[in-house]
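# Examining the three-dimensional arrangement
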Amino acid sequence: MKIEHVAIWVKDIERIKKFYTHYFGAESNSLYVNDKKGFASYFLTFSSGSRLELMKKVGIDKESQPDQLGWAHVAFSVGSKEEVDLLTEKLRHDGYTIQGEPRTTGDGYYESVIEDPEGNIIEITI
């Protein structure tokens, strides 16, 4: 069994699609729109085959709060400590928030923690 995809509600679907395709190498399908429901989505596929669905719907605009119940973050494995460091620096240079500098965690992961353009937490790890 495997997780087929994870979905996230977003405010600016085009901006978020651009972020994940640019920084994480995702490929996007064409925008799906259901005008009757006020819904739109993209499926982003990563080189590993995992997928992230970006969803937007009229009326869904309440922002999540830090450290609330529910999904906490998504982690992307980039393959090496050097790649963690490089991507973290690229994101910092481009103005994104770095919540946690690259480090080895107590449970043995080498990671940094950043925010996407809408404040969703991303771990960049080996």
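Residues numbered from 1 in each chain as written. Predicted model: local features only at pLDDT ≥ 70, side-chain atom pairs only at ≥ 80, totals over all residues. Heavy atoms only, no water.

## As for the side chain of T125
Mapped onto the elements of the fold, T125 is located in strand β9 (residues 121-125). Relative accessible area serves as the criterion here: at 8%, T125 is assigned to the buried category. The contact partners of T125, leaving out residues within four places of it in the chain, are A75, F76, S77, V78, G79, V84, Y109, Y110 and E111. (Helix = DSSP H or I, 4+ residues; strand = E, 2+ residues; numbered from the N terminus. Buried < 20%, exposed > 50% of the residue type's maximum accessible area, 1.4 Å probe, protein only. Contact = heavy atoms within 4.5 Å.)

## Here we look at the packing of aromatic side chains
Here the structure, examined in full by the defined rule, presents 11 aromatic pairs. Considering the side-chain rings of Y20 and F76, the 6.1 Å spacing of their centres and the 40° angle between planes classify their relative orientation as tilted. Of this pair, Y20 sits in helix α1 (residues 13-24) while F76 sits in strand β6 (residues 74-77), placing them 56 residues apart in sequence. Of the aromatic side chains, those joined through ring pairs into one cluster are F19, Y20, Y23, F24, F46, F76 and Y96. (Phe/Tyr/Trp six-rings, centres within 6.5 Å; stacked < 30°, edge-to-face > 60°.)

## Examining the sheet that holds strand β7 (residues 98-104)
Pairing is mixed in the open sheet, where four strands are placed in the order β6-β9-β8-β7. With one partner strand each, in any of the chains shown, β6 and β7 form the two edges of the open sheet. Along the sheet, successive strands turn relative to each other by an average axial angle of 20°, direction set aside. Here β7 runs beside strand β8 (residues 110-115); their pairing, made up of four bridges, is antiparallel. The residue bridging R103 from the neighbouring strand is E111, located in β8. Across the sheet, α1 lies against β6, β8 and β9, angled at about 10° from β9, the strand it touches most. Packed on one face of the sheet, helix α2 (residues 81-93) meets β7, β8 and β9 and runs near 160° to β7. (Pairing = 2+ DSSP bridges. Axes fitted to C-alpha atoms, helices over the stretch in contact; angles between N-to-C directions.)

## What about α2?
A rise of 1.5 Å per residue sets the reference length of α2, with its 13 residues, at 18 Å; its end C-alpha atoms lie 18 Å apart and thus fit the reference within 8%. Turning to α2, its buried residues number three or more, namely V84, L87, T88 and L91. Each buried residue of α2 lies within a common arc of 100° when the element is viewed along its axis, so the set occupies one face. Every exposed residue of α2 that faces more than 90 degrees away from the buried side is listed here: E82, L86 and H93. Looking at the buried residues of α2, the elements they touch are α1, β7, β8 and β9. G95, located one to two residues past α2, shows a positive phi value of around 95°. (Expected span 1.5 Å × (residues − 1). Arc of directions from axis to C-beta.)

Purely geometric stuff here, so don't read any function into it on its own.
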